[in-house]
Every structure is written in structure tokens, then in C-alpha cells.
Amino acid sequence: QQQVKQSPQSLIVQKGGISIINCAYENTAFDYFPWYQQFPGKGPALLIAIRPDVSEKKEGRFTISFNKSAKQFSLHIMDSQPGDSATYFCAARALRGSTLGRLYFGRGTQLTVWP
Amino acid sequence: GAGVSQSPSNKVTEKGKDVELRCDPISGHTALYWYRQSLGQGLEFLIYFQGNSAPDKSGLPSDRFSAERTGGSVSTLTIQRTQQEDSAVYLCASSFLGGSGANVLTFGAGSRLTVL
């Protein structure tokens, strides 16, 4: 079954607007949550990541919000730009236990930012 | 090398043929992963190597799929008797094990497989 559930599947935002992508998980062994960005014809690239000991992490226009009790985390892209148009994947990884090394991905969100 | 290199970038094959996909990870990265990306299906985990051993191969979809890694470096994913449902982009990633770099997977551009 899908270990990490991501929504929406697609998102259209006006330039300058805020893009919000949400993810949820069930496995409490997950303790590392990265977001990857993928452009057409390229492999995914790490964008930003968070550990559950903090509730928010910001890097430039990109912010992860993390709610440990709800087992949810989200990516916010402030002042969205056409160059942000890409597919975004949330992911989760257990840093201990038998699944060590395996990154579980959401199904992805295709973001389009209109100029 | 500077990044993860995958070959071929594109492969078109006939149903029933065998294919080999190659991944050359970043030098010094001891962990190597294979994922499969199908349209609308996200990234599906296939197998994970730590050095030359594969502690997690639970994602391989059938016994037609196999992978090996030699010398702690290059890995080959082999698909025997290909089927049309094997058509996808096969992505390889590598990372350090341990330390702050252990969490960062660097992906290659992928090998697009089309089975006719």
C-alpha cells in the first residue's frame, strides 16, 4: 500500500502566488522527510528536508511544515515562479530498523505556475 | 564522476527480449538504489544495495527482474522476457551511508524503457 499519500495530483498557481502540497504517512518509524523536485527528462533532485524534531524549516521561498501528531507534512512555495513548474515528490525514510535505506515516495504533484 | 550516470538513456525493445540497464554511481557513495517511475505512479522502489549486497530487494516486481552490483560501484538491472507493463523510466540513485550525507539521494536522469 502507499506508505506516503500526497495531494493534490496537479496544481495550477498564478505567478507570485503560494503553492501548497500536502503529504501524510502512517508509519511512526519514519523520521526523515525530504521533498524532491523533478523537471522533465531529469531525475528528481533534493529540494528541502526536515526531521520531526522541528515543526518548520525554511530555505528561501520553500518551507516545510511538519505536524508530528497528525503525521502530516506540507511544502509551501512562496512567490511561485514559472521556473518552479515541475513535479514535486514528498518522501519518508526510516533511519533505523529493517527498512533502513529505503525512501518511500508519494505519487507526485505536477505544479504549473502561470506567468 | 560528478553525478549518477545511467545508460542507455532510451531503450526500445520487443516483448520477450532481455534488457540490461546500467548505473554508475557517484564515486564514494556506498548505497545504491533502483526505482521505477511510471506515468502517474510516482516512484516505485525496486532494490537497495549497501556495498555489493542487497539487504532490501523486496520491491522487485517479479523473478524476471534482477540486479547486481560489483566492486561497490557499478550496478546492472536486468529484466528478462520483457513485458509491455515493464515500460517505464528506471531511475538509479546513490548516497553516502552514515553521517549527514546519508540522507541525500542523488538521482541519475534515468533509462526510459519502451517494450513494444
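Residues numbered from 1 in each chain as written. Chains lettered and ligands numbered in written order. Predicted model: local features only at pLDDT ≥ 70, side-chain atom pairs only at ≥ 80, totals over all residues. Heavy atoms only, no water.

Further remarks concern the overall build of chain B. Looking only at helices and strands, one finds zero helices and eleven strands in chain B. Across chain B, helices and strands are ordered from the amino to the carboxyl terminus as β-β-β-β-β-β-β-β-β-β-β. By its C-alpha atoms, chain B is 45 × 25 × 25 Å across when sized along the principal axes. The burial tally for chain B puts 47% of its 116 residues in the buried class. Taking as baseline every contact in chain B between residues at least 6 positions apart, the subset at least 24 positions apart corresponds to 54%. Total accessible area on chain B is roughly 5300 Å²; 46% of this is exposed by carbon and sulfur atoms. The averaged location of the 10 negative side-chain charges in chain B is 2 Å from the averaged location of its 10 positive side-chain charges. (Helix = DSSP H or I, 4+ residues; strand = E, 2+ residues; numbered from the N terminus. Buried < 20%, exposed > 50% of the residue type's maximum accessible area, 1.4 Å probe, protein only. Contact = heavy atoms within 4.5 Å. Areas by Shrake-Rupley, 256 points an atom, 1.4 Å probe, with all protein chains shown as cover. Lys, Arg positive; Asp, Glu negative; His and termini not counted. Charge placed at Lys NZ, Arg CZ, Asp CG, Glu CD.)

What follows covers the sheet that holds strand 3 (residues 19-25) of chain A. All names here are of chain A. Read from one edge of the open sheet, five strands run 1-3-8-7-6, paired in antiparallel fashion. Unpaired on one side and paired on the other, strand 1 (4-7) and strand 6 (56-59) mark the two borders of the sheet. Here the average twist between neighbouring strands, direction ignored, is 15 degrees. As defined by bridge partners, strand 6 adjoins strand 7 (residues 62-67) across four bridges and the pair is classed as antiparallel. Among the inter-strand pairings, Lys 57 is bridged to a residue of strand 7, identified as Ile 64. (Pairing = 2+ DSSP bridges. Axes fitted to C-alpha atoms, helices over the stretch in contact; angles between N-to-C directions.)

A few words on the nonpolar core. Core analysis: the biggest nonpolar cluster contains 26 residues, and Val 4, Phe 30, Phe 33, Trp 35, Phe 73, Leu 75 and Tyr 88 of chain A have the highest contact counts within it. Mapped by element, the contributors of at least two residues to this core are strand 2 (10-14), strand 3, strand 4 (30-38), strand 5 (45-50), strand 7, strand 8 (72-77), strand 9 (86-94) and strand 11 (109-114) of chain A. For this core, the leading source of residues is strand 9 of chain A, giving five residues. With sequence-adjacent residues up to four places away left out, Tyr 88 of chain A is seen in contact with Gln 6, Ile 21, Tyr 36, Gln 37, Leu 47, Phe 62, Leu 75, Ile 77, Gly 108, Thr 109 and Leu 111 of chain A. One finds Cys 23, Leu 32, Trp 34 and Cys 92 of chain B within the second-largest nonpolar core, a separate group that totals 19 residues. (Core = buried A, V, L, I, M, F, W, Y, C linked by side-chain atoms within 4.5 Å.)

Let us look at the state of the cysteines. Counted by the stated rule, this structure contains two disulfides over all chains. Between Cys 23 of chain A and Cys 90 of chain A runs a disulfide, and the two sulfur atoms are separated by 1.9 Å. Disulfide Cys 23 of chain A to Cys 90 of chain A: torsion about the S-S bond roughly -95 degrees, handedness left-handed. Linking Cys 23 of chain A in strand 3 with Cys 90 of chain A in strand 9, this pair joins segments that are 67 residues apart in sequence. Classification of Cys 23 of chain A by relative accessible area gives buried; the value is 3%. Residue class for Cys 90 of chain A comes out buried when judged on its relative accessible area of 0%. Here Cys 23 of chain B pairs with Cys 92 of chain B through a disulfide, and the sulfurs are 1.9 Å apart. A torsion of -65 degrees about the S-S bond marks the disulfide between Cys 23 of chain B and Cys 92 of chain B as left-handed. Taken together, the residues span a long stretch of sequence, with Cys 23 of chain B in strand 3 (residues 19-24) and Cys 92 of chain B in strand 9 (residues 88-95) at a distance of 69 residues. (Disulfide = S-S within 2.5 Å.)

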